[in-house]
Amino acid sequence: MKIVLIGGPGSGKGTRAKHMAKHLDLPHISTGDIFRHHLENKTEHADEIKSFIDFGNLVPDSLTIKLLKKRLEEDDCKIGFILDGFPRTMEQAKGMDIPEHVLFFDCHENTLVDRLGNRLMCQDCKHIYNLKGQRPKVENKCDGCEGDLIQREDDKEEVIRDRLKVYKKQTEPVLDFFGNKVTKFDTGKEVEESVEEILKFLRKEPVV
Ligand code: ADP
Ligand code: ZN
């Protein structure tokens, strides 16, 4: 099964994707994670990627599509995948096979700004925390691996507003492109409840 998740930065699609991947036994492919991996490992693409990400801009379609395609060619993706953060432009949407499901996480802009501004990431295992929601047990330490928690460069306030503008302008039109493949989900719910709702939908069970 090929599933695409679309939602603004901070809509919780990454967290939901991780849970879904475990339940459905599908690989979770995040273009944001792919890019951050290049930055950490200082690959040949790192400088180019950094010059976009740090300012809240999208990495160019050609490079994004190239790196994603490479990942999707790996064996684990043969059974399908959960795409988190791709496609983000019309060009990217047109460049991929139409997925079975496009899950849209609708979320109010003020909520997104609030979530991103309070978001911390473990620099080692990349687990996401939120100072207003899922706080770490020990301040600034990851519950799982005790790594240090950091704020992503692009989660700084100045950059957040730009990312939201980019999302509205470039990514929202993609929803129209996918038409009746799109199902909207409420992101105000707790993660577990929300994931349960999504899984029921995918299994075609009635949602109460
Ligand atoms: P979020 O969903 O919180 O914005 P991501 O980790 O998905 O964070 O993405 C971080 C950054 O990586 C984006 O702001 C953008 O610069 C870049 N990026 C991720 N996916 C794409 C994509 N499909 N096309 C272009 N740039 C992307
Ligand atoms: Zn960690």
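Everything that follows concerns the structure shown earlier in this document.
Definitions and limits used
Residues numbered from 1 in each chain as written. Chains lettered and ligands numbered in written order. Predicted model: local features only at pLDDT ≥ 70, side-chain atom pairs only at ≥ 80, totals over all residues. Heavy atoms only, no water. Near = heavy atom within 4 Å. Polar contact = N/O pair within 3.5 Å; in protein donor to acceptor, adjacent residues only side chain to side chain. Areas by Shrake-Rupley, 256 points an atom, 1.4 Å probe, with all protein chains shown as cover. Nonpolar A, V, L, I, M, F, W, Y, C, P; charged D, E, K, R; others polar. Salt bridge = Lys/Arg side-chain N within 4 Å of Asp/Glu carboxyl O. Buried < 20%, exposed > 50% of the residue type's maximum accessible area, 1.4 Å probe, protein only. Pairing = 2+ DSSP bridges. Helix = DSSP H or I, 4+ residues; strand = E, 2+ residues; numbered from the N terminus.

## Thoughts on the site of ligand 1
- Near ligand 1 you find 19 residues, and of these Lys13, Thr31, Asn57, Gly85 and Arg163 are the closest.
- Within the side chain of Arg163, an N or O atom sits 2.7 Å from an oxygen atom of ligand 1.
- For ligand 1, the accessible surface in isolation is 540 Å², of which the surrounding protein chains cover 96%.
- Considering only residue class, the shell around ligand 1 consists of 6 nonpolar, 6 polar and 7 charged.

## Some thoughts on the pattern of salt bridges
- Summed over all chains, the structure comprises 18 salt bridges.
- Lys78 is paired through a salt bridge with Asp75; the nearest N and O atoms lie 2.6 Å apart. The two residues Lys78 and Asp75 agree in class, both being exposed.
- Linking Glu153 and Lys156 is a salt bridge whose minimum nitrogen-to-oxygen distance equals 3.2 Å.

## A few points about the sheet that holds strand β5 (residues 119–122)
- Ordered in space as β6-β5-β7, the 3 strands form an open sheet in which the pairing is antiparallel. Looking at which strands have only one partner, the edges of the open sheet turn out to be β6 (128–130) and β7 (149–150).
- Pairing analysis gives 3 bridges linking β5 to β6, with the strands arranged antiparallel. When the bridges of β6 are listed, Arg119 appears paired with Asn130.

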